[in-house]
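Per-entry structural report
As a plain string of letters, each chain reads:
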Amino acid sequence: MAQDVTFRVETRTPAARIAGIAALICIVVLFALPAFASRSLIQDLFFILTMLVLAQFWNLLAGYGGLVSVGQQAFVGFGAYAMFGAAILWGLDPVLAIPLAGVAALLLAVPTAFFVFRLQGAYFAIGTWVVAEVVRLSVAQWRAVGGGSGTSLPRDVIGDMLGLALVQDLFGVRAAAARDILAYWLAVILAVLTIGGIYWLLRTKRGLALASVRDNVEAAKSLGVDALRMKWLVFLTSAFGTGVAGALIYLQKGRISPDAAFSVTDWTAIVIFIVVIGGIGTIEGPIIGVLIFFALQSVFAGYGTWYLMLLGAFGIVIMLFAPRGLWGLFSDKTGIQLFPIRRRLIVTGQDGATIREKDNG
Amino acid sequence: MPILALQNVSKSFGALKVTDNVSFDVPKGQALGIIGPNGAGKSTLFNLITGNIRADGGAVQFDGQDVTRTPPMQRCLAGMGRSFQIPQPFGNLTVFENLVVAATHGQNLAEAQVTEHCANVLARTELLGRANQPASSLSLLQRKRLELARAMATGPKLLLLDEIAGGLTEAECDALIDTIRAIHAEGVTIIWIEHVLHALNSVVERLLVLDFGRIIGMGDPAEVMDSREVREIYLGIEI
Ligand SMILES: Nc1ncnc2c1ncn2[C@@H]1O[C@H](COP(=O)(O)OP(=O)(O)O)[C@@H](O)[C@H]1O
Ligand SMILES: [Mg+2]
């Protein structure tokens, strides 16, 4: 080949550049929002952001790692209880206890993985659910945090929370509203770190390895990919992030009980719904999914059981007619990707032959 | 010292003995051809060498190490690169990305060198023009070339090729022969299973004949091809 031929890799696309700018604006607006928005809007956004974080981690697990867990509530609940325990028993500031909750979830994930990684397919899913139930039942025995009926964060613990006084001064609001704003800001930070972190991971060589394992595990192994290590990486990362999100959710609620914190409906079924309708295996999917879910919930939540049946029916329709979710449908039609991970090889200085973008011969 | 040594390797699927007490050495730098009728156990032998299938008995040594119980991933890192008879592309990744997986995980190549390395392999296997296509869009023949390219991208000491020449035009076959010769000339040991005998025999220095999981002939290609057993069993020619 000629000497002057050079190769480089390109991942950015024009759509992604626009999306990047839009994301920056969006982040700034989200941070500034408490200055104008009502308390109920802040609470709604907190809900959306934390569900988005849970959905992103479930998507990492199932969509990228092929690990279909229905036991993520184990890490939500365990993280939340770790935060309550640290605050109540050790008097640790709840805000500072949030990363600790992630570590606690991580510690729970290690023995869990040893157990569930022996199981395949449906058995894996059931295994994760069994673990979550066992953890729920165990935590319900923990008297210091209220046993089966749960407990609240003590007033003095909440009142002295890091940053609370600052928020109160800044916006001139009462403590309860200030706690919502503080939790909301933390949720914005968590969502940005989650999406940014997952996007970064997917663009590294480990992200590519994940994609190869998803496509063909036997070939991946024969090319030096450590498929088992990838499973561990994804499982532990998801557990950590889910635990952090759990702690934050219950910091905002201020009250916890085993049944709520380990709810399979709230922290796994709905999360799966969000990922599936939005589009599994994409970063955009959970974002779209959570917005649609929130809209459906706002309109139909008053209908009780009918509401859950409606969600189920909606999920089934999407699965039948758009197996890759609404974002997948849109992306397939338009070719638009806001978080591109494709590595395109660009050849420069080569006369004549160019790389075909599409199959045209 | 041989780069690969099999001692009394056996494998059965149920009652079917697919690899029957197979022993042979491959000296470093040799190009060895494997022939035998369909179902003789050639691909299974590859899987036993690469670790995709566990042997029931016997031992496999690679590059001075016992690898009998080593998983395929470590064998790849130790320097084995393989193609699959039925191509196994990563369909959602592009052709280039397929190679990047191999180059970044199958060998310890610095990230900065990966792009250049993969592009060069693509050029050698005539896939450069398709670098950015999803692998799922390739034709069967292109997929076979991708198998070769991916195995090469791991920077192997031992390259195992399983029926990559079938269905090629004469010109394409000649190009493939040139490519494999060039790889061989760089010092890579090659084991090549192939039904296209003229292609195989224009590259390999030694031939191994497998039938019903047993080695029924091994040695100089011309002599082996001439032997009565091979002509009867493999070529089905009555003498
Ligand atoms: N995973 C498997 N399970 C059961 N039988 C198998 C398996 N793989 C191969 N076989 C059988 O083993 C025999 C040898 O197959 P193979 O090694 O693919 O032969 P070759 O590559 O020489 O055509 C065939 O009879 C095939 O049907
Ligand atoms: Mg075969």
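All figures in this text were calculated on a predicted structure; none of them were measured in a lab.

Residue and element names in this part refer to chain B. One open sheet holds the 4 strands; their spatial order is β2-β1-β4-β5, and the pairing between them is antiparallel. Strands with a single pairing partner mark the edges of an open sheet, and in this sheet they are β2 (16–27) and β5 (65–66). Here strand β4 (residues 57–62) runs beside β5; their pairing, made up of 2 bridges, is antiparallel. Looking across to β5, one finds that Gln61 is bridged to Asp66.

Another aspect to go through is the packing of aromatic side chains. Any two aromatic rings considered together are summarised by their centre-to-centre distance and by the angle between their planes. One pass over the structure, following the stated rule, counts 15 aromatic pairs over all chains. By way of ring pairs, the aromatic residues Phe47, Phe273, Phe293, Phe294 and Phe314 of chain A are connected into one cluster. The ring of Tyr250 of chain A has Lys253 of chain A sitting right over it, with the charged end atom 5.8 Å from the ring centre. In this arrangement the basic side chain of Arg150 of chain B is found over the ring face of Phe90 of chain B, its NZ or CZ atom lying 4.6 Å from the centre.

So, about helix α9 (residues 205–215) of chain A. Along α9 of chain A, the residues that are buried comprise Gly207, Leu208, Ala209, Leu210, Ala211, Ser212 and Val213 of chain A. On its buried face, α9 of chain A sits against α2 (39–64), α8 (175–203), α10 (217–222) and α11 (227–253) of chain A together with α3 (95–105) of chain B.

To continue, consider the site of ligand 1. All names here are of chain B. Ligand 1 sits among Phe13, Leu16, Val18, Pro37, Asn38, Gly39, Ala40, Gly41, Lys42, Ser43, Thr44 and Gln85. In this structure, Lys42 approaches ligand 1 through a main-chain N or O atom, which is 2.8 Å from an oxygen atom. Looking at the shell around ligand 1, the elements with two or more residues in it are β2 and α1 (42–50). The dominant element in the shell around ligand 1, judged by the number of residues it contributes, is α1, at 3 residues.

Residue and element names in this part refer to chain A. Where helix α4 (residues 94–116) meets helix α5 (residues 121–139), the closest approach of the two axes is 10 Å, and the angle between their N-to-C directions is 140°. With respect to each other, α4 and α5 are oriented oblique. The two elements α4 and α5 cross, and the hand of that crossing is right-handed. Touching Leu108, Thr112, Phe115 and Val116 of α4 are Phe124, Gly127, Thr128, Val131 and Val135, all from α5. Split into classes, the residues belonging to the contact of α4 with α5 amount to 6 nonpolar, 3 polar and no charged.

Glancing now at the UniProt feature "transmembrane region" (unreviewed entry) in chain A. Residues and elements named next belong to chain A. Annotation from UniProt places "transmembrane region" (unreviewed entry) at residues 15–33, 45–64, 70–90, 97–117, 182–202, 232–250, 270–296 and 303–322. Helix makes up 81% of residues 70–90 and strand 0%, and the two end C-alpha atoms of the span are 32 Å apart. This span, residues 232–250, is 100% helix and 0% strand, and a straight line between its end C-alpha atoms measures 27 Å.

Attention shifts here to the pairing of strand β10 (residues 214–219) of chain B. All names here are of chain B. Strand direction decides the pairing type here: strand β9 (residues 206–211) and β10, joined by 5 bridges, are antiparallel. Bridging across to β10, Asp211 finds its partner in Arg214. The antiparallel pairing of β9 with β10 creates a hairpin that spans 2 residues between the two strands, and Phe212 there sits at a positive phi of about 45°.

At the metal site, the magnesium ion (ligand 2) is ligated by Ser43 of chain B (OG) and Gln85 of chain B (OE1), and these contacts range over 2.0 Å. Placement of the pair is Ser43 of chain B in helix α1 and Gln85 of chain B in the loop between β6 (80–82) and α3, with a sequence separation of 42 residues.

This next bit is on the sheet that holds strand β7 (residues 158–162) of chain B. All names here are of chain B. With mixed pairing, 6 strands are arranged side by side in an open sheet as β6-β7-β8-β3-β9-β10. At either margin of the open sheet sits one strand with a lone partner, and together these are β6 and β10. Going across the sheet, the axis of each strand differs from the next one's by a mean of 15°, ignoring polarity. For strand β3 (residues 31–35) and strand β8 (residues 189–193), the ladder comprises 4 bridges, and the chain directions are parallel.

What counts as what
Residues numbered from 1 in each chain as written. Chains lettered and ligands numbered in written order. Predicted model: local features only at pLDDT ≥ 70, side-chain atom pairs only at ≥ 80, totals over all residues. Heavy atoms only, no water. Pairing = 2+ DSSP bridges. Helix = DSSP H or I, 4+ residues; strand = E, 2+ residues; numbered from the N terminus. Phe/Tyr/Trp six-rings, centres within 6.5 Å; stacked < 30°, edge-to-face > 60°. Lys NZ or Arg CZ within 6 Å of the ring centre and 35° of its normal. Buried < 20%, exposed > 50% of the residue type's maximum accessible area, 1.4 Å probe, protein only. Contact = heavy atoms within 4.5 Å. Near = heavy atom within 4 Å. Polar contact = N/O pair within 3.5 Å; in protein donor to acceptor, adjacent residues only side chain to side chain. Axes fitted to C-alpha atoms, helices over the stretch in contact; angles between N-to-C directions. Parallel < 35°, antiparallel > 145°, perpendicular 65-115°, else oblique. Left-handed = near helix turned anticlockwise from the far one by under 90°. Nonpolar A, V, L, I, M, F, W, Y, C, P; charged D, E, K, R; others polar. UniProt positions renumbered as here; feature names shortened; annotations may be inferred. Donors = N, O, S within 2.8 Å, 3.2 Å for Na, K, Ca; no water.

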